Amino acid sequence: MDNFLFEKELIELADKDLTVREELLAAGKLSGGYHPEMEKVHKANALRLREIITEIGFPTLSKVGEKGSNAAWLIIQHAIGEPEFMKECCIMMEENSDINPIHKAYLYDRIQFFQSKPQKYGTQLTAEGIIYPVENKETLNKEREKVNLPVLPEIEINKIPEPEDIPEIDDKNVEYTVWRKKVGWI
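Residues numbered from 1 in each chain as written. Predicted model: local features only at pLDDT ≥ 70, side-chain atom pairs only at ≥ 80, totals over all residues. Heavy atoms only, no water.

## Things to note about the packing of aromatic side chains
For step 1, the next point in the chain: In the structure shown here, the tally under the stated rule is 9 aromatic pairs.
For step 2, the next point in the chain: With a centroid separation of 5.8 Å and 85 degrees between ring planes, the pair formed by Y34 and W179 is classed as edge-to-face. Of this pair, Y34 sits in the loop between helix 1 (4–26) and helix 2 (36–56) while W179 sits in helix 9 (residues 174–183); the two residues are 145 residues apart in sequence, bridging distant segments of the chain.
For step 3, the next point in the chain: Considering the side-chain rings of F113 and Y176, the 6.1 Å spacing of their centres and the 40 degrees angle between planes classify their relative orientation as tilted. (Phe/Tyr/Trp six-rings, centres within 6.5 Å; stacked < 30°, edge-to-face > 60°. Helix = DSSP H or I, 4+ residues; strand = E, 2+ residues; numbered from the N terminus.)

Following this line, the structure appears as structure tokens:
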């Protein structure tokens, strides 16, 4: 099956996402919550990706090429207002070996992060730029190596807050917590 058109479309959708993001960033409009224009792009992209998945299955490397698969992952990563869609995609990705393993790691961690749960690979950061709490600091680098993420220096691992610090971390951004409740993350 030739899925070149899907590959091209996925890349265009992801490019639109990044273009709108850059425009909003340049205009100083990305701080202070989820910008409605960005949310609109994310929702439209997620809707179209759902349709593509219905038609060809998950857009794997062999179906839509590396760039197309990367674009699909970006669309999923940015579908933050749609927890169930992100979770469904994560399951599909976990069940498929024809996916970049780094993408699986980032999506898993992002879902955990939005649910106020410790992450596995250390890909998500707090608002202060510190790695969000992880499931197990002792095995963190082993988990990262499994998915081709770079090993973290011990000094960085030691800075990672503990899982029991998550409520305190979440309390630093009340608006964010309200938004996560509103869309169904927590």
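Back to the write-up after that little detour.
## Comments concerning the nonpolar core
For step 1, the next point in the chain: One finds L10, L49, I76, F85, M86 and L107 to be the most contacted residues of the largest nonpolar core, which totals 35 residues.
For step 2, the next point in the chain: When residues of this core are traced back to their parent elements, those giving at least two are helix 1, helix 2, helix 3 (61–77), helix 4 (83–94), helix 5 (101–114), helix 8 (166–171) and helix 9.
For step 3, the next point in the chain: Per-element tally for this core: the top contributor is helix 3, with 7 residues.
For step 4, the next point in the chain: With 6 residues, the next largest nonpolar core counts V134, L140, I157 and I160 among its residues. (Core = buried A, V, L, I, M, F, W, Y, C linked by side-chain atoms within 4.5 Å. Buried < 20%, exposed > 50% of the residue type's maximum accessible area, 1.4 Å probe, protein only.)

## Digging into helix 2
For step 1, the next point in the chain: End to end, helix 2 covers 30 Å across 21 residues, agreeing with the expected 30 Å (1.5 Å per residue, within 8%).
For step 2, the next point in the chain: Along helix 2, the residues that are buried comprise M38, V41, H42, N45, A46, L49, I52, I53 and I56. For helix 2, the arc enclosing every buried residue in end-on projection is 130 degrees, short of the 170-degree limit, so these residues lie on one face. Structural note: helix 2 exposes P36, K40, T54 and E55 on the side pointing more than 90 degrees away from its buried face. (Expected span 1.5 Å × (residues − 1). Arc of directions from axis to C-beta.)

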